[in-house]
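Architecture at a glance
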Amino acid sequence: MNRKQLSDREIAESLFIVNRHAKTAPEPKHLYDIKKHTIDLLLKEKRARKVGLHYSDHPRLSQQHSTLLIEIGGYYFHVPAAKDDFQHLEHLGRVDQSYRNPKPKLSLSRAKRTLYQYLNWKQPEKTSPRAFHSTPQPSLLGQRTETPWNQRPRRRM
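Our subject in this report is the structure included herewith. All of these numbers come straight from a predicted model, not from anything done at the bench.

Criteria and thresholds
- Residues numbered from 1 in each chain as written.
- Predicted model: local features only at pLDDT ≥ 70, side-chain atom pairs only at ≥ 80, totals over all residues.
- Heavy atoms only, no water.
- Helix = DSSP H or I, 4+ residues; strand = E, 2+ residues; numbered from the N terminus.
- Buried < 20%, exposed > 50% of the residue type's maximum accessible area, 1.4 Å probe, protein only.
- Contact = heavy atoms within 4.5 Å.
- Core = buried A, V, L, I, M, F, W, Y, C linked by side-chain atoms within 4.5 Å.
- Salt bridge = Lys/Arg side-chain N within 4 Å of Asp/Glu carboxyl O.
- 1 Å grid on protein atoms, 1.4 Å probe; cavity = no way out; pocket = protein on both sides within 12 Å on 5 of 7 lines; lining within 4 Å.
- Points joined across faces, edges and corners; volume = space filled by probe spheres on them.
- Axes fitted to C-alpha atoms, helices over the stretch in contact; angles between N-to-C directions.
- Parallel < 35°, antiparallel > 145°, perpendicular 65-115°, else oblique.
- Left-handed = near helix turned anticlockwise from the far one by under 90°.
- Nonpolar A, V, L, I, M, F, W, Y, C, P; charged D, E, K, R; others polar.

What to know about the overall build of the protein
- Scanning the protein for helices and strands turns up 4 helices and 3 strands.
- For the protein, the sequential pattern of α-helices and β-strands runs α-α-β-β-β-α-α.
- Counting across all 157 residues of the protein, residues that qualify as buried make up 29%.
- Intrachain contacts of the protein at a sequence separation of at least 6 include 64% that bridge at least 24 residues.

Description of the nonpolar core
- Ranked by size, the top nonpolar core spans 27 residues in total, and within it Leu15, Ile39, Leu42, Ile70, Ile72, Phe77 and Tyr118 carry the most contacts.
- Listing elements by their share of this core, those giving two or more residues are helix H1 (8–22), helix H2 (29–44), strand E2 (66–72), strand E3 (75–80) and helix H4 (108–119).
- Here the element with the most residues in this core is H1; it accounts for 7 residues.
- Ignoring anything within four residues of it in the chain, the contact list for Ile70 reads Ile39, Leu43, Ala48, Arg49, Lys50, Val51, Tyr75, Tyr76, Phe77 and Val79.

Quick word on the pattern of salt bridges
- Applying the stated criterion across every chain, the model contains 7 salt bridges.
- Across the salt bridge formed by Asp33 and Lys29, the nearest N and O atoms sit 3.1 Å from each other. Here Lys29 and Asp33 lie together in helix H2, a separation of 4 residues that amounts to about one turn.
- Between Arg49 and Glu71 there is a salt bridge, and its shortest N-O distance comes to 3.8 Å. Taken as a pair, Arg49 in strand E1 (residues 49–55) and Glu71 in strand E2 lie far apart in primary sequence, 22 residues in all.
- On the accessibility criterion, Arg49 (43% relative accessible area) is partly exposed.

Examining the layout of surface pockets
- Of the pockets and cavities examined, the largest pocket occupies roughly 1,200 Å³.
- Only H1, H2, E1, E2 and E3 provide two or more residues apiece to the lining of the largest pocket.
- No other element matches H2, which puts 6 residues into the lining of the largest pocket.

Some remarks on the packing of H1 against H4
- H4 packs onto H1 with a crossing angle of 125° between their chain directions and a minimal axis gap of 9 Å. Comparing the axis directions of H1 and H4 gives the class oblique. As H1 runs across H4, the sense of the crossing is left-handed. Taken together, the residues of H4 that come into contact with H1 (itself represented by Glu10, Ile11, Ser14, Leu15, Ile17, Val18 and His21) are Leu108, Ala111, Lys112, Thr114, Leu115 and Tyr118.
- Across the contact of H1 with H4, the residue classes tally to 8 nonpolar, 3 polar and 2 charged.

Structure representation (structure tokens):
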């Protein structure tokens with residue numbers, strides 16, 4: 001199956017799952033990279049549409065900033081806005097908190113596989129979950145950090 005055989009809806013559902021997991025992942029960089037590259041390619045192929053600008057719900061350094069609202073296959077996503085977006089797109093104000101994207105029934109691994117296929121990326125090699133953790137350090141709990149009272153040198157007065 002190549003990139004043209006994937007529907008916009010399939011890609012949007014996969015993006016939704018990847019984006020949702022990125023928001024809570026301990027190391028979300030790779031997931032956000034997948035999202036960014038997918039949206040960039042969809043915009044280039046004219047399969048996604050820039051809707052407008054929204055004020056961000058999470059101001060940076062107490063400064064209000066805007067994000068770009070993108071529509072793909074009936075799903076909406078926010079990405080950082082570029083300078084030319086401010087000149088060409090309407091500002092829609094605050095985000096409508098009452099709207100939610102439909103929730104797809106899709107696993108993260110399947111969503112990533114779909115987006116890798118669309119981006120023509122190779123699936124990363126499987127690594128064991130322990131590969132991301134450092135080597136275990138011995139615990140200091142239960143170990144004495146001071147000399148016992150009866151083995152301390154006596155003070156001379």
